[in-house]
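# Observations on the three-dimensional arrangement
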Amino acid sequence: MAVSRQTELLEGRHGPEGRHRDRPDIGTAICTPLLVGGELLGVLNVSARATEPPLTTESRDVLATLAERLGRILGEVLALQRQRTSRMFDLTEQQLRRL
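The structure contained in this document is the topic of the report that follows. Residue positions are given per chain, counted from 1 along the sequence in the order it is written. With the structure being a predicted model, the display of local features is reserved for residues of pLDDT at least 70 and the display and counting of side-chain atom pairs for 80 or more, all residues being used for whole-chain, interface and lining totals. With hydrogens and water stripped out, all remaining heavy atoms of the structure feed into the side-chain values.

## Here's the deal with the environment of R49
What counts as a helix is a DSSP run of H or I of at least four residues, what counts as a strand is a run of E of at least two, and both are numbered from the N terminus. As for its placement among the helices and strands, R49 is situated in strand β3 (residues 39–49). On the accessibility criterion, R49 (52% relative accessible area) is exposed. As for R49 and T28, which are separated by 21 residues in sequence, their C-alpha atoms are 6.9 Å apart. Ignoring sequence-local partners within four residues, the contact set of R49 consists of D25, I26 and G27. For the exposure calls, accessible area comes from a 1.4 Å probe over protein chains only, and a residue counts as buried if that area is under 20% of its type's maximum, exposed if over 50%, partly exposed in between. Contacts are assigned to residue pairs that have any heavy atoms within 4.5 Å of one another.

Here is the structure:
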């Protein structure tokens, strides 16, 4: 998923490419990338136990939309944080010059 950057719905005991999953208690799972400016920031994982109703393709689509929006919000938050850090650095530098 992190390589393909595609949202995946995983069902049963096998993950992508037939790899065995290490959580037999999980019936279905959805993994979706959190992208900020096209860069992978993280992965959002949601799962349903084997005893719970399974996640569906509709669940996958909803989660993909949510992750896309969350990525945009995180991008804005990170940009604001960089601006504040830059301003604080500039103020600190100005104060040091006065010493």
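## Describing the pattern of salt bridges
Should a side-chain nitrogen of Lys or Arg be within 4 Å of a carboxyl oxygen of Asp or Glu, the pair is scored as a salt bridge. Scanning the entire structure with this criterion turns up three salt bridges. In this structure, E68 and R72 form a salt bridge, with 3.3 Å as the shortest nitrogen-oxygen distance. Within this pair, E68 and its partner R72 are both found in helix α1 (residues 57–98), separated by four residues, close to a single helical turn. Of the charged contacts in the structure, one is a salt bridge between R97 and E93, with a shortest N-O distance of 3.6 Å. Taken together, the residues R97 and E93, both in helix α1 and four residues apart, mark about one turn of the helix. What makes E93 partly exposed here is its relative accessible area of 31%.

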